[in-house]
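Observations on the model geometry
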Amino acid sequence: MAGKRASAKEVSELVDSLGDRLGRELSTQSVLFHQAIAERLGLKGTDHKYLDVLRRAAEAGPVTPGDLVQLTGLTSGGVTGVLDRLEAAGFVRRVKHPSDRRQLVIEPVTERYAEIGALFAPFRERWAVLCARYSLAELRLICDFFEQATALMAEEIARMQAPPGPEAAPASAAPRAGAGAARTARAAKARPRRAP
């Protein structure tokens, strides 16, 4: 027997709860979780996530500091700071590019992966127990939701990092382009999609 059709008010309240309350709480707990992992590794919370970006990108080939600028939206100085901290903690090394000796390549130190994985192991076990509560069809639906939400967030990041168009710029901001606009444009370069 089919369930009662939800009212527009019920749907609206659930969507609001999903986005405003549950989404925000999950996001906050995710940040705090990764901060705790990073502290155990001797890193800052954001450095740990930038290491993950580097690890994924390195699977597709050599990664230069310039690639990381594009992938993360950080300035070149910001990327240098992250790489300095990751290198000091022993998670990356700077080496000469295999085909262009003038460039540096950033290599993750793969020997440290097991150490990182060990910190995530208890969470993975509990995640498997949580997922076992759902049917295959429900898990597929959850996966679809996460994929769509991740794509939406990536689009919003790109939108926020893009320089404002002439129609979006307030009249009072027009005369003040200068260095700030150039910095915004550099940070908003299209980030290449790399194969996982």
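Keep in mind the model is a prediction, meaning the values are calculated, not measured.

**Quick look at the overall build of the protein**
Looking only at helices and strands, the protein features seven helices and two strands. Along the chain direction, N to C, the helices and strands of the protein fall in the order α-α-α-α-β-β-α-α-α. Across the 196 residues of the protein, 18% fall into the buried class. Sequence-distant contacts in the protein: of pairs separated by 6 or more residues, those separated by 24 or more amount to 51%.

**Examining the packing of aromatic side chains**
One pair of aromatic rings is described through two measures. These are the centre distance and the angle between the planes. Per the counting criterion, the structure on display carries four aromatic pairs. Here Phe33 and Phe120 contribute two aromatic rings whose centre-to-centre distance is 5.6 Å and whose plane-to-plane angle is 70°, an arrangement assigned as edge-to-face. Of this pair, Phe33 sits in helix α1 (residues 8-41) while Phe120 sits in helix α5 (residues 113-131); the two residues are 87 residues apart in sequence, bridging distant segments of the chain. Since its relative accessible area comes to 28%, Phe33 is described here as partly exposed.

**Re the environment of Arg93**
Counting through the fold element by element, Arg93 comes out in strand β1 (residues 92-96). Sequence separation between Arg93 and Glu107 is 14 residues; the distance between their C-alpha atoms is 5.3 Å. In contact with Arg93, not counting residues within four places along its chain, are Glu87, Val105, Ile106, Glu107, Pro108, Val109 and Glu111.

**A few points about the state of the cysteines**
With the rule as written, the count across this model stands at zero disulfides. Cysteine Cys131 remains unbridged, with the sulfur of Cys143 as its closest cysteine sulfur at 7.6 Å.

**Details of the nonpolar core**
Formed by 20 residues in total, the largest nonpolar core has its most connected members in Leu51, Leu54, Leu68, Leu86 and Phe91. If you list the elements that add at least two residues to this core, you get α1, α2 (45-58), α3 (65-72), α4 (76-88) and α5. If you tally residues by element for this core, the top one is α4, at four residues. With near-sequence residues (within four places) excluded, Leu51 lies in contact with Leu86, Phe91, Val92 and Ile116.

Basis of the calculations
- Residues numbered from 1 in each chain as written.
- Predicted model: local features only at pLDDT ≥ 70, side-chain atom pairs only at ≥ 80, totals over all residues.
- Heavy atoms only, no water.
- Helix = DSSP H or I, 4+ residues; strand = E, 2+ residues; numbered from the N terminus.
- Buried < 20%, exposed > 50% of the residue type's maximum accessible area, 1.4 Å probe, protein only.
- Contact = heavy atoms within 4.5 Å.
- Phe/Tyr/Trp six-rings, centres within 6.5 Å; stacked < 30°, edge-to-face > 60°.
- Disulfide = S-S within 2.5 Å.
- Core = buried A, V, L, I, M, F, W, Y, C linked by side-chain atoms within 4.5 Å.

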